[in-house]
Amino acid sequence: MDTPELSFTLAYIAFSLCFVFTPNEFRSAGLTVQNLFSSWLGSEDLGFVQYHVRRTSVTVLVHCALPLGYYLGMCIAAPENNLASIQQVNGGWKAFLLLSVVLLLGSWMLIVYWSHSNWSNHPISRTLQAHRQPLQADWGSVASSINTEFRRIDKFACGAPGARVIVTDSWVLKVTTYHIYMALQNDCHVRVTESRRHQLSPESATPTEILTLRVSSINPAVKAFVIRCVCVCVCVCVLMMTHCRCKQTGVMVVSSG
């Protein structure tokens, strides 16, 4: 591989990893799906569930377009390979281009499928459907309940926009890149699966404890999820279930797989 190809490949890999996992530098520069498509996504405060249905859909589409973007960028970075002329490229590049196009078209078809019947096929909508109570007409009623509680100022929210943990009066929500995990507080229980103690912390002179918490619901249709939190107070705040009442720093939650 020539130097221009290698340089572009390494730079594009680094860019793609940063765009997908989004470090603070990319967030500060506005290189996130939330910022780039903010006009279409709307306001999270006005419609939390609808916002994340659109955000996750756009995220899937954009991330699946990255391989095709690499091919198009290579056409400019290495014009001597004649990648713009499909008839002249070798079999390896043709296979890569075909897979890239199939991946992008497949993601587009998936989003079209999700959007049918007012997004009722979307994974977030299906998760909401699992929480539907007998008196609620459909998943939209559950979404309205979450939207209302999210607009209240007494909620607990921590983490980056695409990786947050939110605790409202009735819900525990874990926002990830492609999904929202949720559990009703009245139906869920929390179990500490791992605990690691660290003596030093940049935020505090006191020892910190990293806890891995598993949130499970008694509803068999609701998938359990994991939250990791960095606790710098003794009470661990019972996973924010009743919001921390202690006068120390409290807990900083980092959601993960």
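Here the structure is a predicted model, which means the values were calculated and not measured.

In this section: the overall build of the chain. Along its length, the chain carries nine helices and eight strands. Within the chain, the proportion of its 257 residues that are buried is 43%. Restricting the contact set of the chain to residue pairs at least 6 apart, pairs at least 24 apart contribute 48%. For the chain, the accessible surface area stands at approximately 14,000 Å², while carbon and sulfur atoms represent 61% of it.

Moving on: the packing of aromatic side chains. Throughout the structure, instances matching the rule amount to 12 aromatic pairs. Ring geometry for Phe8 against Tyr70: centres 5.7 Å apart, planes inclined by 20 degrees, an arrangement best described as stacked. Of this pair, Phe8 sits in helix H1 (residues 3-21) while Tyr70 sits in helix H6 (residues 66-77); the two residues are 62 residues apart in sequence, bridging distant segments of the chain. Grouped by ring-pair contacts, the aromatic residues Phe8, Tyr12, Phe15, Phe19, Phe26, Tyr70, Tyr71, Trp93 and Phe96 constitute a single cluster.

Another aspect to go through is the environment of Thr3. Its location among the elements puts Thr3 in helix H1. Sequence separation of Thr3 and Ala78 is 75 residues, and the distance between their C-alpha atoms is 9.5 Å.

Quick look at the confidence of the model for the chain now. Mean pLDDT over the chain: 83, with 84% of residues reaching 70 or higher. Within the chain, the lowest mean pLDDT, 45, falls on strand E8 (residues 251-255), and the highest, 95, falls on helix H5 (residues 48-64).

A surface patch of nonpolar side chains, about 310 Å² in accessible area, is lined by Phe15, Leu31, Leu36 and Phe37. Of note, Leu36 is situated in helix H3 (residues 33-36). Overall, Leu36 belongs to the partly exposed group, its relative accessible area being 49%.

Next up on the list: the layout of surface pockets. Unoccupied space between atoms shows up once a probe the size of one water molecule is rolled over them. There is about 300 Å³ of room inside the largest pocket. Considering the residues around the largest pocket, the lining is formed by 17 residues, among which Val20, Thr22, Gln34, Gly162 and Thr177 are closest to the centre. Secondary structure elements with two or more residues in the lining of the largest pocket: H1, H3 and H5. For the lining of the largest pocket, a count of residues per class yields seven nonpolar, eight polar and two charged.

Secondary-structure assignment places Thr22 in the loop between H1 and helix H2 (24-29). Side-chain polar atoms of Thr22 contact the backbone oxygen of Phe19, separated by 3.2 Å. In this structure Thr22 touches Leu17, Arg27 and Thr32, once residues within four positions along its chain are discounted.

For the rest of this paragraph, the subject is the packing of H5 against helix H9 (residues 139-150). Axis separation between H5 and H9 bottoms out at 7 Å; the angle between their running directions is 110 degrees. The angle between H5 and H9 falls in the class roughly perpendicular. Residues Phe48, Val49 and Gln50 of H5 touch H9, and the partners they reach there are Trp139, Ala143, Ile146, Asn147 and Phe150. Split by residue class, the contact of H5 with H9 holds six nonpolar, two polar and no charged.

So, about the nonpolar core. Ranked by size, the top nonpolar core spans 22 residues in total, and within it Phe48, Val49, Leu128, Ile146 and Met182 carry the most contacts. Counting 13 residues, the second largest nonpolar core, distinct from the first, contains Phe8, Leu68, Val89 and Leu97.

This next bit is on the sheet that holds strand E3 (residues 171-175). Spatially, the four strands line up as an open sheet ordered E1-E2-E3-E4, and their pairing is antiparallel. A strand with exactly one partner marks an edge of an open sheet, and here the two such strands are strand E1 (156-160) and strand E4 (180-184). Averaged over all adjacent pairs, the angle separating strand axes in this sheet is 5 degrees, with direction ignored. When E3 meets E4, the two strands line up antiparallel, connected through five bridges. Bridged to Val175 within E4 is Ile180.

Calculation criteria
Residues numbered from 1 in each chain as written. Predicted model: local features only at pLDDT ≥ 70, side-chain atom pairs only at ≥ 80, totals over all residues. Heavy atoms only, no water. Helix = DSSP H or I, 4+ residues; strand = E, 2+ residues; numbered from the N terminus. Buried < 20%, exposed > 50% of the residue type's maximum accessible area, 1.4 Å probe, protein only. Contact = heavy atoms within 4.5 Å. Areas by Shrake-Rupley, 256 points an atom, 1.4 Å probe, with all protein chains shown as cover. Phe/Tyr/Trp six-rings, centres within 6.5 Å; stacked < 30°, edge-to-face > 60°. pLDDT = per-residue confidence, 0-100. Patch = residues over 30% accessible without salt bridge, like charges linked within 9 Å, V, L, I, M, F, W, Y side chains within 5 Å. Salt bridge = Lys/Arg side-chain N within 4 Å of Asp/Glu carboxyl O. 1 Å grid on protein atoms, 1.4 Å probe; cavity = no way out; pocket = protein on both sides within 12 Å on 5 of 7 lines; lining within 4 Å. Points joined across faces, edges and corners; volume = space filled by probe spheres on them. Nonpolar A, V, L, I, M, F, W, Y, C, P; charged D, E, K, R; others polar. Polar contact = N/O pair within 3.5 Å; in protein donor to acceptor, adjacent residues only side chain to side chain. Axes fitted to C-alpha atoms, helices over the stretch in contact; angles between N-to-C directions. Parallel < 35°, antiparallel > 145°, perpendicular 65-115°, else oblique. Core = buried A, V, L, I, M, F, W, Y, C linked by side-chain atoms within 4.5 Å. Pairing = 2+ DSSP bridges.

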